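# Structure at a glance
Chain residues, written in single-letter form:
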Amino acid sequence: MALEKLANLIRARFPYIYITTYEEDRVTSVIKKIVKDTSKIKFVREIYVWTQTNGFVNDETEKAVSDTTSPVKAMEFIQNYDKDAIFIFYDLHVNFGSCNRAPNHDLVRKMRDLLPILKTSQARKNVIFIAPELIIPPTLQKDITVCDFPLPNLDELKSKLNHMIAQNTKVKSDTLTEEHKERLCKAALGMTLQEAENAFALAMVNDGKIDISDLKIIQDEKMQVIKKSGILEFIKSDLSIEDIGGLENLKSWLLKRNNSWSENAKRYCIPSPKGVLITGVPGCGKSLTAKAMSAMWQLPLLRLDLGKIFSGLVGSSEENLRKALATAEAVSPSILWIDEIEKGLSGINSGADSGVSSRIFGAFLTWMQEKVAPVFVIATANNINKLPPELLRKGRFDEIFFVDIPTANERIEIFRLHLQKRLKDPEVAQNIKIDLPTCKKLAAMTEGFIGAEIEQVVVSALYEAFFENRALEFSDLEKTIKNTVPLSMTQKEQILSLREWANVRAVAATRAKELTKYKTDAASKDKKDIAKTRGGRALDF
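In this text, all values refer to a predicted model and were calculated from it rather than measured experimentally.

## Points about the overall build of the protein
Within the protein one finds 24 helices and 13 strands. Seen through its principal axes, the protein has C-alpha atoms that stretch 90 × 60 × 50 Å. Counting all 541 residues of the protein, 48% fall into the buried class. Once local pairs closer than 6 in sequence are excluded, the contacts in the protein between residues at least 24 apart make up 79%.

Right, here's the structure in full:
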């Protein structure tokens, strides 16, 4: 699609085309293919490549054009050239200015003077700028066409890997099947062609061969690439869905949508799921669910920090978001995790940032609505009232789940998980039975406790035993519980407000049967109001 669009722009004699990418050589090779393919372009054209150090160099003869290192002189050469040609500029954007530097006004004026000549001259000429970032002087914004250039797809990465294997005959690859090649190349999705080449080369020199065991090397290299962006973070998680206590309704919903991006799913004509918004009481497993999803679906988990999107440079915030979303799509199928989304969108209605937050939000909403690539968005929020209504309507997210304070059965499961996780030494665990009666007693004593508080009960009790250098006792857990003031007490009004909101707008992450039982038990025992009400519609998936 990118090749076709670029070919059409050249045929339509668009004077200035701006391509944002780090891959100069790859774009240039694509342009070479276009100009040599008479089915795409009727008239074959010469190619000149400009750099600040060499000026214009004819791509075919490799001869430099004298006195063209100056950008203005280079534009004069284009003006006087009388043959069909494409002129490619590398890194000319440094002359277009920034918030700290004024643009080269002579160059900008010369480019504007050159416009009618490029459009009407008998010689067919196009000017293409290739740069890693998008910087356009305000006076040229209507004259320059921006063209997106995607990262390499699976076929391009396969071609690169096969070429490297053919070149390096001493590297053993006899055990590398076509299926293994595809898995290695899928792991490299999201990298530039040069970065993928480096990762493949590292895998080859590591042990003198390349096989499926090199998958981890390529994944580690991709982690480095994503880290360098400073916006997306590659999250490695060894959690499983069994590590989450309760939330069976949410877990069931996610499980049923696993592999919905596969070839088999196409038989059912179902679309890839867009994403979910998980809101509710803090510390009840929202972020934990995002991490466990990655392992359950066996997809890369990318965390998007909305705070890092915003930059002081004019226009760079929008560019940061575009790059982050492009990377997530290139790595797809993938999971994009936005933690505490309400904090990242807090400046939308304030107007204090000249509308940058609103533009970022609008671009993100449009992407969520229109995206085709299988990127599953999982967003978490504690304060749902701060989220704009546009984000909550159907079509943005497939479902909105409300995570409430754990029910009695959920607390039993959470205690069991944390006790099993930490009581691995037989001497430390000798006085505690991790069985149903023990967990039931603890659950009964922790009415209104959130999952994070239950974990800290176990940790604090273990500190008591560690300090006295003895085995853990049930009394240690009991004492810690009595000394803990749960969030359901300190934030009672806020939780009730959250539940009131969720009752008509969100689905309970807990199963309907479990909710009904809990409400009955709470009413019969005349517990506090915070225990009698539950948030979210009682549906089962």
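Resuming the write-up.
## Topic: the nonpolar core
In terms of nonpolar packing, the biggest core is built from 39 residues, with Leu277, Leu304, Leu336, Ile341 and Leu391 touching the most fellow members. Leave out the neighbours within four places in its chain, and Leu336 touches Leu232, Leu302, Leu304, Leu325, Ala328, Trp367, Val375, Phe376, Val377 and Ile378. Core analysis: the next-biggest nonpolar cluster, separate from the first, contains 30 residues, Leu247, Leu250, Cys284 and Met293 among them.

## Examining the pairing of strand β2 (residues 46-51)
Of all 6 residues making up β2, 5 are buried, and the element is well covered by its neighbours. Sheet topology note: the β2/strand β4 (residues 85-90) ladder contains 5 bridges and is parallel. When the sheet's bridge partners are listed, Tyr48 is paired in β4 with Phe87. Inspection of the sheet shows β2 paired to strand β3 (residues 55-58) by 4 bridges, in the antiparallel sense. Residue pairing across strands places Trp50 opposite Phe56, the latter belonging to β3. Count of turn residues in the β2/β3 antiparallel hairpin: 3 residues.

## A word on the pattern of salt bridges
All chains considered together, the criterion is met by 21 salt bridges. For Asp84, the salt bridge goes to Arg124, with nearest N and O atoms at 3.4 Å. Here Asp84 is found in the loop between α3 (71-80) and β4, whereas its partner Arg124 is found in the loop between α4 (105-120) and β5 (125-131), with 40 residues between them in sequence. For Arg124, a relative accessible area of 24% puts it in the partly exposed group. Residue Glu182 pairs with Lys158 through a salt bridge whose shortest N-O separation is 3.3 Å. Of this pair, Glu182 sits in helix α6 (residues 178-187) while Lys158 sits in helix α5 (residues 154-167), and the two are 24 residues apart along the sequence. Note on Glu182: relative accessible area 28%, which makes it partly exposed. A residue is classified by how much of its surface remains accessible, and Lys158, at 22% relative accessible area, is partly exposed. Among the ionic contacts, a cluster of salt bridges with common partners joins Glu23, Arg26 and Glu156.

## Quick look at the layout of surface pockets
In this structure, the second largest pocket spans a volume of roughly 710 Å³. The wall of the second largest pocket is formed by 31 residues, among which Cys284, Gly285, Leu288, His418 and Glu455 lie closest to the centre. Listed by contribution, the elements that provide at least two residues to the lining of the second largest pocket are α11 (286-297), β11 (375-381), α17 (408-422) and α19 (451-467). When residues in the lining of the second largest pocket are grouped by element, the largest group, 7 residues, is from α17. Within the lining of the second largest pocket, the residues separate by chemical class into 12 nonpolar, 9 polar and 10 charged.

## Considerations on the confidence of the model for the protein
A residue-level look at the protein finds 93% of positions with pLDDT of 70 or above and a mean pLDDT of 85. In this model, residues 522-527 is a region of pLDDT below 50 whose contacts with residues beyond four sequence positions or in other chains number 6 contacts.

## Details of the packing of aromatic side chains
A complete count under the given rule lists 20 aromatic pairs for this structure. With a centroid separation of 6.4 Å and an interplanar angle of 45°, the aromatic rings of Trp253 and Phe376 are classed as tilted. One end of the pair, Trp253, is in helix α9 (residues 248-256); the other, Phe376, is in strand β11, with 123 residues separating them in the sequence. Across the pair, exposure class does not vary: Trp253 and Phe376 are buried alike. Joined through ring pairs, the aromatic side chains of Tyr16, Tyr18, Tyr48, Trp50, Phe56, Phe77, Tyr81, Phe87, Phe89, Phe96 and Phe129 make up one cluster. Above the face of the Trp367 ring, Lys371 is positioned so that its terminal group lies 5.6 Å from the ring centre.

## Describing the packing of α5 against α6
To characterise two packed helices, one gives the angle between the axes of the helices and the distance between these axes. At a minimum axis distance of 9 Å, the contact between α5 and α6 shows a crossing angle of 115°. Along this stretch, α5 crosses α6, giving a crossing that reads as right-handed. On the side of α5, the interface is formed by Leu154, Leu157, Lys158, Leu161, Asn162 and Ile165, while α6 contributes Lys181, Glu182, Cys185 and Lys186. Looking at side-chain class alone, the contact of α5 with α6 contains 5 nonpolar, 1 polar and 4 charged residues.

## A word on the environment of Arg534
Positionally, Arg534 belongs in the segment after α24 (529-532). Sequence spacing of Arg534 and Thr407 is 127 residues, and the spatial spacing of their C-alpha atoms is 9.5 Å.

## Some remarks on empty space enclosed by the protein
Per the stated rule, a full pass over the model turns up 3 cavities of 30 Å³ or more. Volume-wise, the largest cavity comes out at about 40 Å³. Every residue lining the largest cavity is listed: Trp261, Ser272, Pro273, Trp297, Leu299, Pro333, Ser334, Pro374, Val375 and Phe376. Grouping the amino acids of the lining of the largest cavity by side-chain chemistry returns 8 nonpolar, 2 polar and no charged.

## Re the sheet that holds strand β13 (residues 507-508)
Pairing between the strands of a sheet is mediated by backbone hydrogen bonds and can be parallel or antiparallel. Taken together, 7 strands build an open sheet; the order of strands is β7-β9-β10-β11-β8-β12-β13 and the sheet is mixed. With one partner strand each, in any of the chains shown, β7 (232-235) and β13 form the two edges of the open sheet. Taken together, the 5 bridges between strand β8 (residues 275-280) and strand β12 (residues 399-403) define a ladder with parallel strand orientation. Across the sheet, Leu277 pairs through a bridge with Ile400, a residue of β12. Docked against the sheet, helix α22 (residues 492-505) engages β8 and β12, running at close to 145° with respect to β12.

## Quick word on unusual backbone geometry
At Asn259, a residue that is not glycine, the phi angle is positive and equals roughly 65°. Within the element layout of this structure, Asn259 appears in the loop between α9 and α10 (263-266). Classification of Asn259 by relative accessible area gives partly exposed; the value is 43%. Unusually for a residue other than glycine, Cys269 sits at a positive phi of about 55°. Looking at where Cys269 falls in the secondary structure, it is placed in the loop between α10 and β8.

Cut-offs and rules
Residues numbered from 1 in each chain as written. Predicted model: local features only at pLDDT ≥ 70, side-chain atom pairs only at ≥ 80, totals over all residues. Heavy atoms only, no water. Helix = DSSP H or I, 4+ residues; strand = E, 2+ residues; numbered from the N terminus. Buried < 20%, exposed > 50% of the residue type's maximum accessible area, 1.4 Å probe, protein only. Contact = heavy atoms within 4.5 Å. Core = buried A, V, L, I, M, F, W, Y, C linked by side-chain atoms within 4.5 Å. Pairing = 2+ DSSP bridges. Salt bridge = Lys/Arg side-chain N within 4 Å of Asp/Glu carboxyl O. 1 Å grid on protein atoms, 1.4 Å probe; cavity = no way out; pocket = protein on both sides within 12 Å on 5 of 7 lines; lining within 4 Å. Points joined across faces, edges and corners; volume = space filled by probe spheres on them. Nonpolar A, V, L, I, M, F, W, Y, C, P; charged D, E, K, R; others polar. pLDDT = per-residue confidence, 0-100. Phe/Tyr/Trp six-rings, centres within 6.5 Å; stacked < 30°, edge-to-face > 60°. Lys NZ or Arg CZ within 6 Å of the ring centre and 35° of its normal. Axes fitted to C-alpha atoms, helices over the stretch in contact; angles between N-to-C directions. Left-handed = near helix turned anticlockwise from the far one by under 90°.

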